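The primary structure of each chain is shown beneath.
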Amino acid sequence: MADYDMLNYIDGMWTGKDLPKIEVTNPATGEVIGTVPSAGGDEAKHAIQAAEAAFSAWSQKTADERGDLLMKVYDLMIKDKEALARLMTIENGKPLRESRGEALYAASFLKWFAEEGKRVYGRTVPGAAPNHRIKVIKQPVGVVAAITPWNFPAAMITRKMAPALAAGCTFIVRPPRQTPLTALKIAEYCEQAGVPKGVVNIICGGHGPITDAFMANPAVRKITFTGSTDVGRYLLKASAEQIKKVSMELGGHAPVIVCDDADLDAAVSQTIASKFRNSGQTCVCANRIYVQSDVYDRFVDKFVTAVRSTLTVGNGLDESVNFGPLIDGKAYEKVDGQVKEAIEKGAVLLTGGKGRAENGAYFYQPTVLKDATEGMDIMHTETFGPVAPIQKFETIDEAISLANDTPYGLAAYFFTNDVRRGTRLSEALDYGIVGWNDGLPSTAQAPFGGVKESGLGREGGSEGIEEYLETKYVSLRV
């Protein structure tokens, strides 16, 4: 029986009662836990009109006024964090302890940008003549449409919504079909906080009609997307017609480099935290591990022992569980296929390598493969699952070459206590985010994003709000 039957939030109203329903299932059990309306182009147009109508008044509020409202949303989220965490666990599958962490992480963007909005500064520039004055000001882009993924159903919304609202933009989000309930819970917080109608709109439904409406409507001035590189390419092409402003956080294939001088215990614990968080279903998780030959066997032994002893697979609502299911059958098949292909090509299975798929629930054991090689698909294609392939390297030059041999450039990690070696690695790795002895670098005050085919723009930090601003130059003759 569904516990959460929710409606779309458009123009300050809960709508869509008469629309067809999307069933939301718990990936740990396969049970239906709720429904949301399946909206289309007409509902998207309504949301755009609402956001466009609300823009003028919202953008004219002071930064303090917008920041105060964001802080009210923050306070509500923090107060309700346990209920929010439970909701994320039952629709996403991640363990409660991870969902609690995400609730705090998601809220942190509201708090950060409530203050960062007050630091949107312009400047004056010396003129070209005694009677010439130059003024540079920052203004909000306008209506923002966001498309978010299922793996972080709260944080991937607030990381976009908070800077957009702080900058003075109005906001529409289409959450994924797998995890729409968390998005609608965030809309409840906005409503309770007194965010004016039309400023925040949440519309659930199929990707095609809603996205097409976003791309075709000139009132939508900015598209922000987190998801696959293939969808990112489509959105970039579609945005070209109207030259919409875009920012995208796309796929990754993060390498981990363990040098022979590294603290191996720290490298093991940080790599496990990176690799197996959300069952390996994160865009910045460790995907391929390169270990220097002198410490290869020691690292592998420590890593396998830790994986076996610290990870407990099961339903995330169980407090003893720290490793949940995969999101769906498609994810399961990809993981299982990569593992089998790697073993066929010579990888040695040390632990895991098995799954359980029944009654609409898909679990895959934490898996470690050693003696991986470049000829294996898993070393070139993002797994998005709980498999850690380990490959040996000899020199730092070789490690850098292996790590950079990918079209992706989102996150990379390395472990060394040598400052000169670490400085070289941090500058040579062609990635937007680099963790030096740190497997969990994400935080609201730092710019998050990738290079190459991993995206455009940054989220978080002072850079995050710039994505929602336009720069205007005013030339004055006096």
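Everything in this summary refers to the structure shown in the same document. (Residues numbered from 1 in each chain as written. Predicted model: local features only at pLDDT ≥ 70, side-chain atom pairs only at ≥ 80, totals over all residues. Heavy atoms only, no water.)

**Things to note about the overall build of the chain**
No. 1: Looking only at helices and strands, one finds 14 helices and 25 strands in the chain.
No. 2: Relative to the 2.2 N^0.38 estimate, which gives 23 Å for 478 residues, the radius of gyration of the chain is 23 Å and therefore close to what a compact globule would have.
No. 3: Taken over 478 residues, the chain has a buried fraction of 55%.
No. 4: Partitioning the intrachain contacts of the chain with sequence separation of at least 6 by distance along the chain shows that 73% fall at a separation of at least 24.
No. 5: Entry remark: accessible area of the chain is about 18900 Å², with carbon and sulfur atoms responsible for 50%. (Helix = DSSP H or I, 4+ residues; strand = E, 2+ residues; numbered from the N terminus. Rg over C-alpha atoms; globule rule 2.2 N^0.38 Å. Buried < 20%, exposed > 50% of the residue type's maximum accessible area, 1.4 Å probe, protein only. Contact = heavy atoms within 4.5 Å. Areas by Shrake-Rupley, 256 points an atom, 1.4 Å probe, with all protein chains shown as cover.)

**Let's talk about the pairing of strand β4 (residues 21-25)**
No. 1: Along β4, the buried face is formed by Ile-22 and Val-24; none of Lys-21, Glu-23 and Thr-25, which line the opposite face, is buried.
No. 2: Where β4 meets strand β5 (residues 32-37), five bridges bridge the pair, whose relative direction is antiparallel. Residue Glu-23 lies in a different strand from β5, and its bridge partner there is Thr-35. (Pairing = 2+ DSSP bridges.)

**Overview of the packing of helix α2 (residues 63-79) against helix α4 (residues 96-116)**
No. 1: For the pair α2 and α4, interaxial distance at closest approach is 8 Å and the crossing angle is 165°. Between α2 and α4, the angle is such that the two are roughly antiparallel. Considering how the two elements wind past one another, α2 and α4 form a crossing that is left-handed. Taking contact as the criterion, the partners of Gly-67, Leu-70, Met-71, Val-73, Tyr-74, Met-77 and Ile-78 in α2 are, on α4, Ala-103, Leu-104, Ala-106, Ala-107, Ser-108, Leu-110, Lys-111, Phe-113 and Ala-114.
No. 2: Taken together, the residues of the contact of α2 with α4 sort by class into 13 nonpolar, two polar and one charged. (Axes fitted to C-alpha atoms, helices over the stretch in contact; angles between N-to-C directions. Parallel < 35°, antiparallel > 145°, perpendicular 65-115°, else oblique. Left-handed = near helix turned anticlockwise from the far one by under 90°. Nonpolar A, V, L, I, M, F, W, Y, C, P; charged D, E, K, R; others polar.)

**Side note on the sheet that holds strand β25 (residues 469-477)**
No. 1: One open sheet holds the three strands; their spatial order is β6-β7-β25, and the pairing between them is antiparallel. The open sheet is flanked by β6 (123-126) and β25, the only strands paired with a single partner. Looking at each pair of strands side by side, their axes are set apart by 25° on average, direction ignored.
No. 2: In this structure, strand β7 (residues 132-140) lies alongside β25, joined through nine bridges in antiparallel fashion. Directly across from Lys-135, in β25, lies its bridge partner Val-474.

**What to know about helix α7 (residues 207-216)**
No. 1: Within the sequence span of α7, burial applies to Ile-210, Thr-211, Ala-213, Phe-214 and Met-215.
No. 2: Against the buried residues of α7 lie α1 (41-60), β8 (143-147), β9 (170-174), β11 (220-226) and α8 (229-239).

**Things to note about the sheet that holds strand β1 (residues 4-5)**
No. 1: Taking strand neighbours across the sheet as the criterion, the three strands line up as β1-β5-β4 in an open arrangement whose pairing is mixed. One side of each edge strand has no neighbouring strand; the edge strands of this open sheet are β1 and β4.
No. 2: Relative to β4, helix α3 (residues 81-92) is tilted by about 95°, and along the sheet it contacts β1, β4 and β5.
No. 3: Against the sheet, helix α6 (residues 180-193) engages β1, β4 and β5, with an angle of about 60° to β5.

**Focus: the packing of helix α9 (residues 264-276) against helix α10 (residues 296-310)**
No. 1: Axis separation between α9 and α10 bottoms out at 10 Å; the angle between their running directions is 50°. Classified by the angle their axes make, α9 and α10 are oblique. Where α9 crosses over α10, the two elements pack in a sense that is right-handed. Listed contacts from α10 to Leu-264, Asp-265, Ala-267, Val-268, Thr-271, Ile-272 and Phe-276 of α9 are Arg-298, Phe-299, Lys-302, Phe-303, Ala-306 and Val-307.

**Structural notes on the environment of Val-36**
No. 1: Along the chain, the position of Val-36 falls in strand β5.
No. 2: Distance in space between the C-alpha atoms of Val-36 and Leu-19 is 8.9 Å, their sequence separation being 17 residues.
No. 3: Leave out the neighbours within four places in its chain, and Val-36 touches Met-6, Pro-20, Lys-21, Ile-22, Pro-180, Leu-181, Leu-184 and Cys-204.

**Structural notes on the side chain of Thr-351**
No. 1: Along the chain, the position of Thr-351 falls in strand β15 (residues 348-351).
No. 2: Here Arg-308 takes part through its side chain, which lies 3.4 Å from a polar atom of the side chain of Thr-351. (Polar contact = N/O pair within 3.5 Å; in protein donor to acceptor, adjacent residues only side chain to side chain.)

**Structural notes on unusual backbone geometry**
No. 1: Positioned with a positive phi, Asp-11 is a non-glycine residue whose angle comes to about 55°.
No. 2: Examined against the element boundaries, Asp-11 turns out to sit in the loop between β2 (8-10) and β3 (13-15).
No. 3: The phi dihedral of Asp-371 is positive, around 60°, even though this residue is not glycine.
No. 4: Relative to the helices and strands, Asp-371 resides in the loop between β18 (367-370) and β19 (387-393).

**Remarks on the pattern of salt bridges**
No. 1: Tallied over the full model, the rule gives 22 salt bridges.
No. 2: Across the pair Arg-421 and Asp-260 runs a salt bridge, and its minimum N-O distance is 2.9 Å. Of this pair, Arg-421 sits in helix α13 (residues 419-428) while Asp-260 sits in the loop between β13 (254-258) and α9, and the two are 161 residues apart along the sequence.
No. 3: Its relative accessible area of 21% is what places Arg-421 among the partly exposed residues.
No. 4: A relative accessible area of 30% means that Asp-260 is categorised as partly exposed.
No. 5: Close ionic contact of Glu-358 with Arg-356 constitutes a salt bridge, the shortest N to O distance being 3.4 Å. (Salt bridge = Lys/Arg side-chain N within 4 Å of Asp/Glu carboxyl O.)

**Focus: the packing of aromatic side chains**
No. 1: Following the criterion strictly, the structure yields nine aromatic pairs and no others.
No. 2: Ring centres of Trp-150 and Phe-384 lie 5.8 Å apart, and the angle between their planes is 90°; on these two criteria the pair is classed as edge-to-face. Of the two residues, Trp-150 is situated in the loop between β8 and α5 (155-167) and Phe-384 in the loop between β18 and β19; the sequence distance between them amounts to 234 residues.
No. 3: Seen from their ring centres, Phe-276 and Phe-323 are 6.2 Å apart, and the 55° between their planes marks the pair as tilted. In this pair, Phe-276 is assigned in helix α9 and Phe-323 in the loop between α10 and α11 (329-344), connecting sequence segments 47 residues apart.
No. 4: The class for Phe-276 is buried, based on a relative accessible area of 2%.
No. 5: Here Phe-323 falls in the buried class, since its relative accessible area comes to 1%.
No. 6: An aromatic cluster is present here, built from Phe-276, Phe-299, Phe-303 and Phe-323 joined pairwise through their rings.
No. 7: The cationic tip of Arg-159 hangs over the ring face of Phe-448; the distance from NZ or CZ to the ring centre is 4.1 Å. (Phe/Tyr/Trp six-rings, centres within 6.5 Å; stacked < 30°, edge-to-face > 60°. Lys NZ or Arg CZ within 6 Å of the ring centre and 35° of its normal.)

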